[in-house]
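Structural overview
If you want the building blocks of each chain, they are given just below.
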Amino acid sequence: MKKIFALLCFSFVSLFAENVERGFPVSVRLTSGASQKAEYVGSVGDTVQLGGFIADTFTVVKILKDRITALTDSNGNVLSVEKADSLYAAMHTKEESAEQLSTPEDSTVQISTAKDSSVTDSSVQVPQINMAGKSLVFPALRRPIDSALALRIHDLQIQILREQGEFPISVSSANFPQCKDSPCIAKEAETQGAVAVWTLEILPAKHQDSLDLMLHRFLFSNEAQSSERLTISAKNATSELLSKNHFIEWIQKAKGIYKEPEKPKSTKSYVYVQTDPEGANLSRKGEDIICQTPCAFAISDTGKVEIEAYWDVENTLWANKAIIRPVPGDTAKINLRLKRVKPEIEIRTIPSGAQIFSEIQITPHSRPIGTTPKTLFSGEPGPAELHLWREGYKDSVIHFHVSATSKTLVEIQLDSLTNPQDLEAQEVFHRIQKRIFWGHLALGTALAPAVAGGILLYLSHKDHEKAKDLKDELSLPSSGGGANYQKLVKDNHRYADRSKTEKYVGTGFLLFAGGLFATGIILSF
């Protein structure tokens, strides 16, 4: 029995310990400019008493009133010392009144709490309780500010223990009027056939906004004692206790019957990939880049998985692929030697003849890169998108993934236009597109006659210079009327006539080119 008393000493200390007078949280600013959070515990004379934890011990210090420039509560409301004193007094008056309440548990059980359990009122008749086979649940050791929480936890504990097959009853030191200390209560409870004793402490945690709940259980049959700590938010204490089975698990841990839920076996596999050369982009087929080699990644697939790696250097693409079948929980190691590739994209539409644009937002000035069916070559694998346009059908923007190691086939069914307004808008678009096409054609065509005209004018100038030189030579006094003179005359006439012809034709070509250019400008813009 001495051993039982020793084990119960810590559990029952709450029944006879005096409650520490605690205050309510405030923020204090001093004349020095320093700010501090503390608990307001009243004022005495020209000093204000503030409390806080120093080395895990609640300590009260006094500060002169004239050194305090601002005093605010937890909601940011400014308080005067007189207002703070009235709040402090009202808080403790309310707590003391709550401690005098008693609530019937059932027809034979009376919950009774007293601030000093070692003193009983002889005028109050305490009903006799049958403790045989029962678990005794004592009131919690707590600050006055935590009284309401203590009552909620007490009721929850009674209910949970009952659901777990125990027979809990709420008791207090008043149910043991003949006892003055914890060993006496323990001996009396065992004598009356009690099975177990439960006690609770509600303590402020190291963090100002948290509470530590210490639940103690003593089992008389084997003298086993256990304690379990639970830290919760002071602001949301009840909701945290009731969420995710926290309260039930806390009770189970104190009873030693808690079992960790079995974690589902991992179905993840791992793939480690090395490439030659290193630094290649690695991806699963049809998906975004996972990492750069050498690297490892996790997958949950159990079937075949195709991976590919590609490396782009100086506009040249090197790539390779591998197909693996992962084993759950295992790591597959892959080595890939990259080879030169040129990704192909085959675009098909039903019906065919759709124009392919690389721009997503197209205008009549946009130039198609081909017409379906069309095979394109891509310089970089990964996500891509194209715009398809065909007269009489809805525009389609297609999104696809370019494979680095195999031809990418994209096939799409075009939807017909039925709305007259859309058909008219598309017809206008097509007319503008045709006009711009002919304008660009005119601009391109204007280049040839312009070049030809320029060449002819240049030749005309050269022939004119030759004819002028011959004319100057014929005007010399030494020139006779012989055969050579006649030959020079003929050459002069020939060069002069050819220069005129080239000049006229060249000028015509330039005028024609100018007309084409002007037409192209007008049609294009």
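Provided above is the structure to which this section pertains.
Anyway, here's the lowdown on the structure attached to this text. Values in this document were obtained by computation on a predicted structure and should not be read as measured data.

What follows is about the sheet that holds strand E19 (residues 331-337). The sheet built from three strands is open, its strands ordered E16-E13-E19 with mixed pairing. Looking along the sheet, the strands with just one partner apiece sit at the ends: strand E16 (295-299) and E19. Between one strand axis and the next, the sheet turns through 25° on average, direction left out of account. As paired strands, strand E13 (residues 269-276) and E19 are joined by seven bridges and run parallel to one another. Within E19, the position partnered with tyrosine 270 by the bridge is threonine 331.

Turning to the packing of aromatic side chains, a few remarks are in order. Taken as a whole and judged by the stated rule, the model has six aromatic pairs. Measuring from ring centre to ring centre gives 5.4 Å for tryptophan 389 and phenylalanine 429, while their planes differ by 45°; the resulting arrangement is tilted. Of this pair, tryptophan 389 sits in strand E25 (residues 382-389) while phenylalanine 429 is found in helix H7 (residues 420-445), placing the two residues 40 residues apart along the sequence. An identical accessibility class is assigned to tryptophan 389 and phenylalanine 429; each is buried. A centroid spacing of 5.5 Å and a plane angle of 70° characterise the contact between phenylalanine 437 and tryptophan 438, whose relative ring orientation is edge-to-face. For the pair phenylalanine 437 and tryptophan 438, a shared accessibility class is recorded, and that class is exposed. Between the NZ or CZ atom of lysine 253 and the centre of the ring of tyrosine 258, over which it lies, the distance is 5.0 Å. Sitting above the plane of the tyrosine 495 ring, arginine 494 keeps its charged end 4.7 Å from the centroid.

On to the packing of H7 against helix H8 (residues 447-474), then. Two elements in contact, H7 and H8, have axes whose closest approach is 4 Å; the angle formed by their N-to-C orientations is 15°. By the angle between their axes, H7 is roughly parallel relative to H8. Between H7 and H8, the contacting residues are Leu443, Gly444 and Thr445 on the first element and Leu447, Ala448 and Pro449 on the second. A breakdown of the residues in the contact of H7 with H8 according to their chemical character gives four nonpolar, two polar and no charged.

Position of arginine 217 relative to the elements: it lies in strand E11 (residues 210-219). Glutamate 166 provides the closest opposite charge to the buried, salt-bridge-free arginine 217, at an N-O distance of 4.2 Å. Excluding residues within four positions of it along the chain, arginine 217 makes contact with Glu166, Val197, Trp198, Ala224, Gln225, Ser226, Ala254 and Lys255.

Attention now goes to the pairing of strand E21 (residues 344-350). Direction of pairing for E21 relative to strand E24 (residues 374-377): antiparallel, over a ladder of four bridges. Along E24, the bridge assignment pairs isoleucine 347 with lysine 374. Of the strand pairs in this sheet, E21 and strand E27 (residues 408-413) are connected by six bridges, and their pairing is parallel. If you follow isoleucine 347 over to E27, its bridge partner there is valine 410.

The rules behind the values
- Each chain carries its own residue numbering, running from 1 in the written order of its sequence.
- Reporting of local features is limited, given that this is a predicted model, to residues whose pLDDT is at least 70; pairs of side-chain atoms are given and counted only at 80 or more, and all residues count toward the totals for whole chains, interfaces and linings.
- Side-chain numbers here rest on the full set of heavy atoms in the structure, without hydrogens or water.
- Strand pairing is defined by DSSP finding a minimum of two bridges between the two strands.
- Each helix is a run of H or I in the DSSP string that is no shorter than four residues. Each strand is a run of E no shorter than two, and both are numbered from the N terminus.
- Axis definition: a line fit to C-alpha positions, over the contact stretch in the case of helices; interaxial angles, taken between N-to-C directions, run 0 to 180 degrees.
- For Phe, Tyr and Trp, rings pair up if their centres lie within 6.5 Å, where Trp contributes its six-membered ring, and each pair is then called stacked (planes under 30 degrees apart), edge-to-face (over 60) or tilted (otherwise).
- Exposure categories follow from relative accessible area, calculated using a 1.4 Å probe and restricted to protein chains: below 20% of the type maximum is buried, above 50% is exposed, and the middle band is partly exposed.
- Here, over-ring charges are defined by two tests on the NZ atom of lysine or the CZ atom of arginine: distance to the ring centre within 6 Å, and angle to the ring normal within 35 degrees.
- To sort the angles, those under 35 degrees are grouped as roughly parallel, those over 145 as roughly antiparallel, those from 65 to 115 as roughly perpendicular, and the leftovers as oblique.
- Only heavy atoms enter the contact rule, under which two residues are in contact if any of them lie within 4.5 Å.
- Put simply, Ala, Val, Leu, Ile, Met, Phe, Trp, Tyr, Cys and Pro go in the nonpolar bin, Asp, Glu, Lys and Arg in the charged bin, and everything else, Gly too, in the polar bin.
- Positive charges are assigned to Lys and Arg, negative charges to Asp and Glu, while His and the chain termini are left out of the count.
- Counted as salt bridges are all cases of a side-chain nitrogen of Lys or Arg within 4 Å of a carboxyl oxygen of Asp or Glu.

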